[in-house]
Amino acid sequence: MVLKEIIQRIQSLYSKGVQSRDSRLSSRHIYNKLLTVRTRLLSEESNKKQKISNWNYQTLSCVELIKVPLHECICIPSNGCEVLRSKYKIPKPLTGMNNHIISNVYSIDGSIKYSEVSILEKKYSKGNKYTKFKPDYYIQNGYLYITQSLRGPKIISVEGLFEDPVTARLFEQYCENDCDECNNCVSPMDLDFPIDSDRIDIIVEFAVKELIQAFNTLGKEDITSNSVDDGKQERQ
């Protein structure tokens, strides 16, 4: 189901629940609540080690890599390796009990799959001739780093559960157009919301309940943010 349809359902139920003509609720505020509820449901599943279906995942299919300055590298140049970094910060993934939920990082042709390591693990393995060229990655300061041989690919794909599905999709749109502003992008409101279809009613119910509860607690609202409404998104 596309995002605007879910937001319209929530807005309709919310308006009936608060019984007030003065109530104002922006699409952005509803979307933020959707993210909160979705994150809670998926994190609970992950912590219980339940299988999360593929419908919840998104793929950043073309993540461009650039060579970073030497001061960012943890490899010794004489080891014959380089560290490549994603050109832009990747959208923030959801986190489970132990770590963020990134399921796969691989070359765009699928021939190379990268395993996640911590920066400390990579640092201590750099002198091991059996592991120093192993295809792996780590994340630091929002960027994804790849340690590989000099002939490795410069574009990779990243699959995972992301905190903000719109941000993840806009990341793709901007990268596909290679521009600061995307003139041919799909509106965020017309994007599919990545959640199992049998979970939509649950998410709508929880979101409406929490929004009405917040309204009754505060007694009034003045929510005017329209980042989702007009489809604008700041590029990282």
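Residues numbered from 1 in each chain as written. Predicted model: local features only at pLDDT ≥ 70, side-chain atom pairs only at ≥ 80, totals over all residues. Heavy atoms only, no water.

Chemist: When you look at the overall build of the protein chain in this model, what are you seeing that I'm missing?
Modeler: The secondary structure content of the protein chain amounts to five helices and seven strands. Reading the secondary structure of the protein chain in the N-to-C direction produces α-α-β-β-β-β-α-β-β-β-α-α. By the burial criterion, 43% of the 236 residues in the protein chain qualify as buried. If you take every contact in the protein chain between residues at least 6 apart in sequence, the share linking residues at least 24 apart comes to 72%. Carbon and sulfur atoms make up 48% of the accessible area of the protein chain, which totals about 13400 Å². (Helix = DSSP H or I, 4+ residues; strand = E, 2+ residues; numbered from the N terminus. Buried < 20%, exposed > 50% of the residue type's maximum accessible area, 1.4 Å probe, protein only. Contact = heavy atoms within 4.5 Å. Areas by Shrake-Rupley, 256 points an atom, 1.4 Å probe, with all protein chains shown as cover.)

Chemist: Before we go on, may I ask you to explain the pairing of strand β7 (residues 155-160) in this structure?
Modeler: Along any regular strand the residues' side chains alternate between the sheet's two faces. As defined by bridge partners, strand β1 (residues 58-67) adjoins β7 across five bridges and the pair is classed as antiparallel. Considered in β7, the bridge of Glu 64 is made with Ile 155. Here five bridges tie strand β3 (residues 102-107) to β7, and the two strands are oriented antiparallel to one another. Bridge pairing in β7 places Ser 107 opposite Ile 156. (Pairing = 2+ DSSP bridges.)

Chemist: Looking at this structure, I do not really get the environment of Ile 30. What am I missing?
Modeler: Along the chain, the position of Ile 30 falls in helix α2 (residues 27-47). Overall, Ile 30 belongs to the buried group, its relative accessible area being 0%. Placed 22 residues apart in sequence, Ile 30 and Gln 8 show a C-alpha to C-alpha distance of 9.5 Å. Beyond its immediate chain neighbours, meaning those up to four positions away, Ile 30 contacts Ile 7, Ile 10, Gln 11, Leu 25 and Leu 211.

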